[in-house]
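Chain by chain, the residues run as shown.
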Amino acid sequence: AQSVTQLGSHVSVSEGALVLLRCNYSSSVPPYLFWYVQYPNQGLQLLLKYTTGATLVKGINGFEAEFKKSETSFHLTKPSAHMSDAAEYFCAVTRPRGGNKLTFGTGTQLKVEL
Amino acid sequence: DTEVTQTPKHLVMGMTNKKSLKCEQHMGHRAMYWYKQKAKKPPELMFVYSYEKLSINESVPSRFSPECPNSSLLNLHLHALQPEDSALYLCASSQDLTGALPEAFFGQGTRLTVV
């Protein structure tokens, strides 16, 4: 079984400040990990993924995440927040050759203030 | 082209109606998915199709009936729904189920309201 915990259902940052969204996972096998973003009344857009190899992965819109096996974490960061980053962010996990069944965290609503 | 197209964008239906949601992708993906998302909640998997065959049914009530007529299309037939079925229905696709390219691409969703 696998699960995802996103600490902080709401995160608020100032424009230009660092964005840090936390994700911890539980998996019996080395997982595949993803971050998705969802804008209001829209579908999910893939920001980045980790499967194997380099543990620091870069995604779209300046986001990156680091896979830390020892901490079972996959936190999402962006050096400088922009107003357009305000959205819901979901961390998700699946196991290799597991039918690509995504298990999502409960989501983090990011608010960006002037 | 990394687009998954869903129609309609919005749908209001009565509890005795029959309607269908449609999903189309032209990325050559052989795995397609239906997810249900309630307000302020994460998506929940409903069905997975692999090479046009139903691979996973997450114990979804029979009033939801999926269909995959070909590798590019995925339908979700709705009949005798309840108000609690109102939600955003998301279609997604991925390369296949082998895990080589596991990322799923999502459509914009259909906002369903059952009255």
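Residues numbered from 1 in each chain as written. Chains lettered and ligands numbered in written order. Predicted model: local features only at pLDDT ≥ 70, side-chain atom pairs only at ≥ 80, totals over all residues. Heavy atoms only, no water.

Student: Sorry if this is basic, but what is going on with the overall build of chain A here?
Tutor: Secondary structure assignment for chain A yields 0 helices and 12 strands. Reading the secondary structure of chain A in the N-to-C direction produces β-β-β-β-β-β-β-β-β-β-β-β. Computed over C-alpha atoms, the radius of gyration of chain A comes to 13 Å, within 12% of the 13 Å expected from 2.2 N^0.38 for 114 residues, which places it in the range of a compact globule. The principal-axis extents of the C-alpha atoms in chain A amount to approximately 45 × 30 × 20 Å. A buried classification covers 46% of the 114 residues belonging to chain A. Partitioning the contacts of chain A with sequence separation of at least 6, the portion at a separation of at least 24 is 57%. Here chain A displays about 5400 Å² of accessible surface, and carbon together with sulfur accounts for 52% of that area. When the 10 positive and 7 negative side-chain charges of chain A are each reduced to one mean point, those points stand 13 Å apart. (Helix = DSSP H or I, 4+ residues; strand = E, 2+ residues; numbered from the N terminus. Rg over C-alpha atoms; globule rule 2.2 N^0.38 Å. Buried < 20%, exposed > 50% of the residue type's maximum accessible area, 1.4 Å probe, protein only. Contact = heavy atoms within 4.5 Å. Areas by Shrake-Rupley, 256 points an atom, 1.4 Å probe, with all protein chains shown as cover. Lys, Arg positive; Asp, Glu negative; His and termini not counted. Charge placed at Lys NZ, Arg CZ, Asp CG, Glu CD.)

Student: What should I look at first to understand the packing of aromatic side chains in this one?
Tutor: For any pair of aromatic rings, the description consists of the separation of the ring centres together with the inter-plane angle of the planes. Applying the stated rule across the entire model yields 12 aromatic pairs over all chains. Where Y25(A) meets F67(A), the ring centres are 5.9 Å apart and the plane angle is 25°; that geometry is what we call stacked. Taken as a pair, Y25(A) in strand β4 (residues 24-27) and F67(A) in strand β8 (residues 64-68) lie far apart in primary sequence, 42 residues in all. Classification of Y25(A) as buried rests on a relative accessible area of 9%. For F67(A), a relative accessible area of 10% puts it in the buried group. A connected cluster of aromatic rings, assembled from ring pairs, spans F34(A), Y36(A), F90(A), F104(A), Y33(B), Y35(B) and F106(B). (Phe/Tyr/Trp six-rings, centres within 6.5 Å; stacked < 30°, edge-to-face > 60°.)

Student: Help me understand the environment of M83(A), please; the structure alone is not making it clear to me.
Tutor: Looking at the element boundaries, M83(A) is found in the loop between β9 (73-78) and β10 (87-94). Not counting residues within four places of it along the chain, the set of residues in contact with M83(A) comprises E15(A), V112(A), E113(A) and L114(A).

Student: Explanation requested: the state of the cysteines in the structure shown.
Tutor: Overall, the coordinates contain 2 disulfides over all chains when judged by the stated rule. Disulfide pairing places C23(A) opposite C91(A) at an S-S distance of 2.0 Å. On the sign convention where negative means left-handed, the S-S torsion of about -60° between C23(A) and C91(A) marks this disulfide as left-handed. Placement of C23(A) in the loop between β3 (19-21) and β4 and of C91(A) in strand β10 is noted, with a sequence separation of 68 residues between them. Using a relative accessible area of 0% as the deciding quantity, one classes C91(A) as buried. The thiol of C68(B) is unpaired, and the distance to the nearest cysteine sulfur, on C91(B), comes to 9.2 Å. (Disulfide = S-S within 2.5 Å.)

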